[in-house]
Structure formats: C-alpha cells, structure tokens
Amino acid sequence: MALLIYTFIIIVAWPVLMSFLHSLFQHFDKECKDLSWKMHHEIQKMREIALVYLDRSGGLQKFVHDCKKYNGITHSIDSLLNYVMLHKSLLFLFKILFASTDSKQSYAVYRFIISINPSDIAELDATLGNCILHNPIQAAQIFQSVCFIAIKTLSLIEQLQTEAQISILLKPTHLPPLPSYVLSLSAFPFNYTSQRFYTSEGIVIAMGTVTKYTQGARFLCTEETCPFSEGFRYIRVHLPGATESATVRNDFVCSLCSSPLQEDMKFRVLGDKQIVEMIDAKALNALKGYSNDKSHFRIQTFTVFLRDELANKMKIGNHYKIIGIPACVQNGLQATACIEVNSVQLCNPNGPSFVSDNFKYLLSLTSSSCWRFTAILANIFASQVVPPGTYNTLKLAILLSLVQTCEKENADYLDLLIVTSDTLVIDRLLNYSICLLPRGIRHPPSSEIFPSVSKDKHGTGSASIHACSAVLAKGGICYIGDLSSYKKDKLELLQSVLESRTTTVFIPGKKYGEEADQQVTISVQTNFWSFVDVDSSSKKHIQKDNFLIGQMDVSLIPPNLLDVFGLLIYREFPSYQPSSLAHHILKKAINPEAMLYKVSQQFRMQDYEEFILFAKNLHVELSSEAENLIQGYYLASRRVRRDSIHGSTLSASALKILISLSKAHTKLSLRKKVLEEDALIAILLLESSLTLKHGKSALYIAPNPIFPFDLSDENSLQQRDSYLMQCHHQLLKFIGAYGPGIHTNTNEE
C-alpha cells in the first residue's frame with residue numbers, strides 16, 4: 001500500500017507540485033520585477049522634482065556657487081542658465097544631467113548644504129515631501145544623485161569620481177506645526193529610533209569646546225592586485241547619531257576579494273563638532289522657591305550635536321528652537337539620547353499684549369496722578385505672603401526690578417540688597433516674586449552661582465562649561481539668598497560680575513587635551529537679589545526700637561560690594577501693627593491656599609505674571625525734563641557727598657541706577673515716556689539707599705520718603721501726592737544750590 005502511494009506521488013502529484021511551484025516562482029519574480037521597476041520609477045520621478053525645486057528656489061545657483069570653493073572653477077552660473085535658454089525646458093536639462101557619463105578619477109569628500117522648504121516641496125510632489133520629512137537619509141541620497149550628475153555634466157568639480165564622495169545635508173526651514181513633529185523630553189516615551197526630523201525647544205545648560213570629527217574617509221583594499229586597492233570605491237561618510245568609532249573602523253572587508261580594508265589617512269576630511277546639553281524650559285520651575293504650579297513632570301537633559309557651520313551658533317543660557325534627527329549614542333555600556341541638529345533658531349518669547357481688566361480699571365481710577373497707580377500696586381502686591389500695606393517700599397523696589405529685566409546686551413539692570421532681621425518673611429516675599437518671571441531662579445546653596453568647567457561626560461575628554469544659576473536666570477532674576485553665608489572669594493567674584501556683567505571661565509589646556517589654555521567670557525544678563533541678616537553678625541547692629549537713618553552698621557558687607565548693588569533697602573518703620581503680620585502667618589500656616597484678603601481674589605498671581613511680562617517689554621524714552629532732573633541731582637550729590645581722602649562717595653554707576661529706576665517706574669506705570677515724577681521716585685529711592693550707606697546729605701529726606709503714610713483711603717493718597725510735590729520742590733532747591741548750570745523747572749506746580 002505504501003509503495004502504491006509512493007508511486008502515485010512520483011508519477012502524478014510530483015509533476016503537478018513542481019508545475020505549481022514553478023508558476024508561483026514566476027509570479028513572485030514578476031512581482032519583484034514590477035516592484036523594483038515601480039520603486040525605480042518613483043525614485044526617478046523624485047529626482048526630477050528635486051531638480052525642479054532646486055531651480056525654482058534658487059538652490060541650484062547656490063549649489064553651483066558652492067562648488068567653486070572646492071575646485072576654483074571658472075564656470076559661472078551663466079553656464080547653467082545657458083543650458084536652460086538653449087533647450088527651453090528644465091525637463092530636457094534633466095535628461096541631459098542624468099544621461100550616462102564616463103567615470104573619471106577624483107579625490108576627497110564634498111559636503112553641501114541644501115535648504116529645504118517642506119511646504120513648497122509638498123506642493124510640487126507629496127511623495128518627495130513625505131520622504132524628506134519621514135526618511136531624510138533616503139531623501140539626501142536623492143539630492144545626492146542630482147548633485148553628482150550636475151557636477152559631472154557641467155564639470156563643476158574636476159576631481160570628483162564617485163557619487164559616494166558627495167555628502168548632502170538637508171536643512172528644513174520649518175516642520176509642520178503638528179504634535180507628531182514635536183519632540184519633548186518631558187513627555188514619555190522618547191522616540192529616538194525613527195530617524196526623521198523633529199523640532200524641539202530648550203535652554204542651553206552646558207556647552208563643550210569645539211573639537212574635530214570625521215566628515216568622511218577613504219578606504220582601500222589591502223590586496224594590491226584587487227581593483228579596489230585604488231580609486232574611491234569605499235567612502236565612509238558621517239551619518240546622524242554615528243560616533244567616531246562607527247564612521248572610522250578597522251573591521252571593514254573588501255566586497256570583491258574579502259581582504260581587509262585600510263583607511264588612507266591623507267584623504268580624511270575633518271569638521272568641527274560641539275556638544276551641547278539642553279533642557280526643557282519647564283524644568284526651570286523646579287529652580288523656583290515657590291510656585292502655584294502643582295503639576296508634576298520629568299526633568300531630563302538631552303544632548304545636542306552641532307557640526308561644522310553650526311558650531312558656536314548657540315550661547316549658554318539662551319533659549320533655542322532646533323530641528324534635527326534624534327539618535328541614540330552608545331558610550332560603553334551607557335546609551336545617551338541625542339539630536340543631530342540641522343538648524344538652530346533663537347527663541348524670543350513675546351510677552352502678553354494685554355493686562356487684566358482689573359489692572360486697567362485701577363489705572364483709569366488713578367489717572368489723575370503719576371504716583372498713585374504704582375503706590376497702590378506696591379500696597380496690595382504679594383498679599384498671599386504679607387498683609388497689604390506692609391513692606392511697601394521693598395515691594396515697590398521688587399516690582400521695579402521685575403519690570404527692569406531684559407535679555408539684551410548693555411541693558412539697564414536693577415539689583416536689590418535687603419538688610420533685615422525678618423529673614424523668614426523677606427525670604428518668602430522674594431521667593432514669591434521670582435515666580436512671576438519665566439526666568440526666576442533661586443540659587444541652591446550646594447551649587448555654583450557662576451559658570452564652572454568639568455570634563456565632558458561623553459568620553460571625549462574635552463572641557464564642558466556649565467551654566468549654573470546666574471546664566472540660567474538670563475533675562476530674569478537670580479535670587480542668591482543670604483549674602484553673609486558666602487565666603488570672601490565668592491563675594492569678590494560677585495562684585496566683579498556686578499561691575500562688568502560678565503564672567504570669565506578659565507580652561508587649562510593640559511587638563512582637557514588642548515594645546516593652549518583658553519579663557520571664555522560669558523555675559524551675565526540678570527538682576528541679582530540678596531539679603532543680609534543683621535542678627536547673624538557677631539557685631540550687633542542698631543537696636544530695632546532705636547532706628548536712626550544713616551547710622552546703620554554695614555561692616556558685615558564689603559564696602560565695594562555694597563556700592564555695586566543698585567539699591568540697599570533696610571526694614572521700614574512699622575507703619576502696621578506687628579500683630580497683623582503674625583495673624584497672617586498663622587492663618588496661612590493653617591490653610592496655605594486661603595485667600596485672606598479681597599485683593600488676593602481680584603489680583604491673582606497669574607494677573608501679576610501677565611502684567612509684569614507686558615510692562616517689561618514696553619520701550620520707554622527719557623524726556624528732557626526727567627533727564628535734566630536726574631543730571632542735576634547726580635552732579636549736586638557728587639559735590640555734596642565727598643570727603644578729602646576718598647573724594648566723592650557717589651560712584652559713577654549711580655547715574656545708571658537712576659536712569660534704570662526712572663525707566664522701571666515708567667514701565668510699572670504702563671507709560672512710554674519718563675516724566676519728572678518718575679525721576680523723583682528714582683531719586684528718593686537712591687537717596688534713601690545712599691543715606692543708609694554713607695549718612696545724610698544736604699538733601700534731607702524723611703526716613704521713609706516713598707511711603708510716609710498708610711495708604712488706607714483716597715485722602716491718604718492725596719496726602720502722599722502733596723508730600724511728594726514738596727519733595728520735588730525741595731529737590732529743585734537742592735539742585736539750584738549745589739548744581740549750578742543745570743536748568744530745571746522751578747514751577748511750584
């Protein structure tokens with residue numbers, strides 16, 4: 001029976017089975033050929049579209065121009081235009097470019113940058129647009145073919161031999177504004193395997209020095225009789241995410257004879273590389289001492305590779321938007337998520353174009369006086385931390401410093417130094433205030449205030465500069481806590497930075513593998529806040545119940561450091577009952593979320609954030625009247641405040657502080673012109689600070705000149721206005737007596 005079945009299979013079933021398999025293989029082969037032809041046709045079509053796009057966008061002319069730096073060719077762009085004029089068709093030119101050409105010998109690797117607008121590409125051909133966005137490596141190969149045959153046809157680079165010698169970097173101008181194209185390190189999971197373009201934003205927190213990497217290398221077969229022992233058959237070009245050991249290895253073998261390949265070192269092409277560490281801007285919320293934001297998120301830095309023309313395009317502490325390809329770099333057993341950057345754009349977030357209706361209504365109610373709006377603002381500010389009406393002068397100085405923050409070079413800065421024994425309340429007030437800015441940083445005592453240097457963690461051995469608190473607070477506030485807790489060398493460094501607004505990082509060459517030492521100067525664009533606890537000194541300061549202005553002991557603070565701080569503010573006279581502050585603290589301890597005052601509900605923290613961001617972006621100008629008043633006071637004070645040994649005790653920086661205070665008060669008043677009223681507030685604040693440092697002068701002012709009365713009703717506001725008008729008249733008399741030659745307005749009104 002088994003023999004019968006076997007005979008049946010051999011005679012009948014086997015030919016049928018073989019016939020079926022044969023037809024199946026034929027069908028599969030036909031499908032493969034059809035698929036291969038279809039893919040070839042699509043690639044050919046995308047090449048045509050790529051050429052058309054390059055011609056329309058001006059990229060073809062730029063490419064011809066870029067070829068000159070490699071060959072010094074005498075061909076001009078007119079050569080290409082003559083082809084178009086002669087044949088009257090770009091398609092005909094395309095056929096000429098892609099016609100078969102004889103291979104000629106060449107050397108080196110040639111790198112070209114092609115700017116791509118994804119929207120324009122997608123309008124020409126959706127397939128090519130999709131390929132660029134989601135498979136940029138394959139898209140680069142398409143442009144590589146176009147560029148290679150264009151070079152050969154037009155003889156742009158005589159030395160070029162093979163297509164593999166051309167390295168194309170596609171640089172998209174933008175990506176579609178869709179969530180799938182945004183890469184965020186605060187979101188999980190982190191998709192670093194897709195090898196496509198993403199956009200991401202972050203702040204530079206560390207930056208390495210510029211080092212070299214291999215753009216491309218030539219390998220030859222070690223077998224002398226092999227045809228590939230010469231020429232440019234084997235070319236290695238850097239790909240996104242590839243390490244140096246991946247680009248240049250010693251385990252390659254010849255595809256023809258299987259002999260080992262060896263690099264021809266004299267043909268290696270080197271480029272510049274810089275490693276940058278970035279972090280999501282949301283992470284700065286973790287460096288604030290107080291925040292209403294209760295959301296939880298993951299904080300993780302990500303590594304960014306800047307290559308060639310992008311090296312040194314970033315500055316430490318700045319906020320950037322980047323477009324690049326994510327990858328995973330292996331460093332021993334450790335894997336690091338990184339992004340190979342194709343384009344870099346500096347982010348300048350615009351503030352809100354409005355303020356809340358409650359602030360608008362308050363501004364309209366106080367329009368009759370240039371002083372009332374800011375007075376009420378200071379009176380009700382931070383009611384979640386301290387009762388309204390307390391610490392008014394300090395709160396006004398805080399608001400002025402908040403609106404006088406800017407990321408521009410040579411900006412007007414306003415630093416605050418508070419001398420107090422109520423360190424708990426002052427610390428809470430300053431913590432609350434820095435949260436009103438995106439770049440408000442509370443310096444952790446365990447870290448450095450200014451940039452430091454360490455070895456790069458990626459194993460390159462080069463130096464890496466870390467931003468630290470002062471640089472991360474760029475365009476904002478750096479709150480450094482109790483000044484008396486820092487050692488002498490830190491205070492001297494702080495003084496140097498406050499004077500120059502720069503800090504210098506020294507990089508020893510021997511330690512970090514460099515031939516020579518380096519010095520990197522970093523701009524520090526932030527306002528500094530600090531306080532001094534008078535009770536922490538072994539030398540007791542004046543008694544709290546016997547406060548005499550001008551007799552404060554400031555021996556705890558180095559005199560030079562005291563002078564470079566813009567404002568020195570001492571605790572005010574207790575115009576409020578101490579029990580009100582105690583009741584406030586106890587109630588907030590029992591219920592931290594409670595709104596104890598009506599103004600806390602009317603003017604929320606979010607309203608203050610929007611108000612500060614709107615006011616700080618106002619562009620203000622000095623009026624001639626305000627300028628004359630400031631100049632007159634400055635010259636008169638320099639003459640009055642002097643001694644026979646040290647000369648004038650009024651430093652040259654006082655003029656900058658006066659201008660900064662005047663502009664800040666104008667911004668806080670939501671105006672664009674600095675008036676005499678703004679200059680008066682600035683002068684009274686500075687004179688009060690000078691009195692604390694050096695004692696009284698001929699311009700005698702009251703101990704609390706800005707808020708001499710409790711602001712309880714409209715009558716108290718009117719009384720304050722009258723008092724400030726008297727101060728203005730007194731100031732004009734002071735200038736007239738000690739600053740001759742300065743024209744001032746002496747009208748009683």
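A brief report on the enclosed structure follows. Worth saying up front: this structure is predicted, and the values here are computed from it rather than measured.

This brings us to the overall build of the chain. The secondary structure content of the chain amounts to 22 helices and 23 strands. Looking at the 749 residues of the chain, the share that counts as buried comes to 50%. By sequence separation, contacts in the chain at least 24 residues apart represent 74% of the contacts at least 6 residues apart. Within the structure as shown, the chain displays about 36900 Å² of accessible surface, and the carbon and sulfur contribution to it stands at 55%.

What follows concerns the sheet that holds strand β12 (residues 440-442). The strand order across the open sheet formed by five strands is β12-β15-β18-β11-β19, and the pairing between neighbours is parallel. Lying at the two open borders of the sheet, with one neighbouring strand each, are β12 and β19 (567-570). Looking at each pair of strands side by side, their axes are set apart by 20° on average, direction ignored. Alignment of strand β11 (residues 416-420) against strand β18 (residues 527-533), held across five bridges, turns out to be parallel. Its bridge partner being in β18, L417 is matched across the sheet by S530.

Attention now moves to the packing of helix α19 (residues 624-640) against helix α20 (residues 653-668). The N-to-C vectors of α19 and α20 enclose an angle of 150°; their axes lie 10 Å apart at closest approach. Comparing their axes, α20 and α19 come out roughly antiparallel. For the pair α19 and α20, the crossing hand works out as right-handed. Contacts from I630, Y633 and Y634 in α19 reach A654, L655, L658 and S662 in α20. Broken down by class, the residue content of the contact of α19 with α20 amounts to six nonpolar, one polar and no charged.

This part is about the pattern of salt bridges. Counted according to the given criterion, the structure contains 19 salt bridges. The partner of D264 in a salt bridge is K266, and the shortest N-O contact between them spans 3.1 Å. Looking at K266, the relative accessible area reads 66%, which means it is exposed. Note that R641 and E687 form a salt bridge whose closest N and O atoms lie 2.7 Å from each other.

Attention now goes to the side chain of S433. Its place among the elements puts S433 in helix α12 (residues 423-434). From its side chain, S433 meets the backbone oxygen of L429 in a polar contact 2.8 Å long. Ignoring anything within four residues of it in the chain, the contact list for S433 reads F381, I398, L402 and W529.

Analysis parameters
- Residues numbered from 1 in each chain as written.
- Predicted model: local features only at pLDDT ≥ 70, side-chain atom pairs only at ≥ 80, totals over all residues.
- Heavy atoms only, no water.
- Helix = DSSP H or I, 4+ residues; strand = E, 2+ residues; numbered from the N terminus.
- Buried < 20%, exposed > 50% of the residue type's maximum accessible area, 1.4 Å probe, protein only.
- Contact = heavy atoms within 4.5 Å.
- Areas by Shrake-Rupley, 256 points an atom, 1.4 Å probe, with all protein chains shown as cover.
- Pairing = 2+ DSSP bridges.
- Axes fitted to C-alpha atoms, helices over the stretch in contact; angles between N-to-C directions.
- Parallel < 35°, antiparallel > 145°, perpendicular 65-115°, else oblique.
- Left-handed = near helix turned anticlockwise from the far one by under 90°.
- Nonpolar A, V, L, I, M, F, W, Y, C, P; charged D, E, K, R; others polar.
- Salt bridge = Lys/Arg side-chain N within 4 Å of Asp/Glu carboxyl O.
- Polar contact = N/O pair within 3.5 Å; in protein donor to acceptor, adjacent residues only side chain to side chain.

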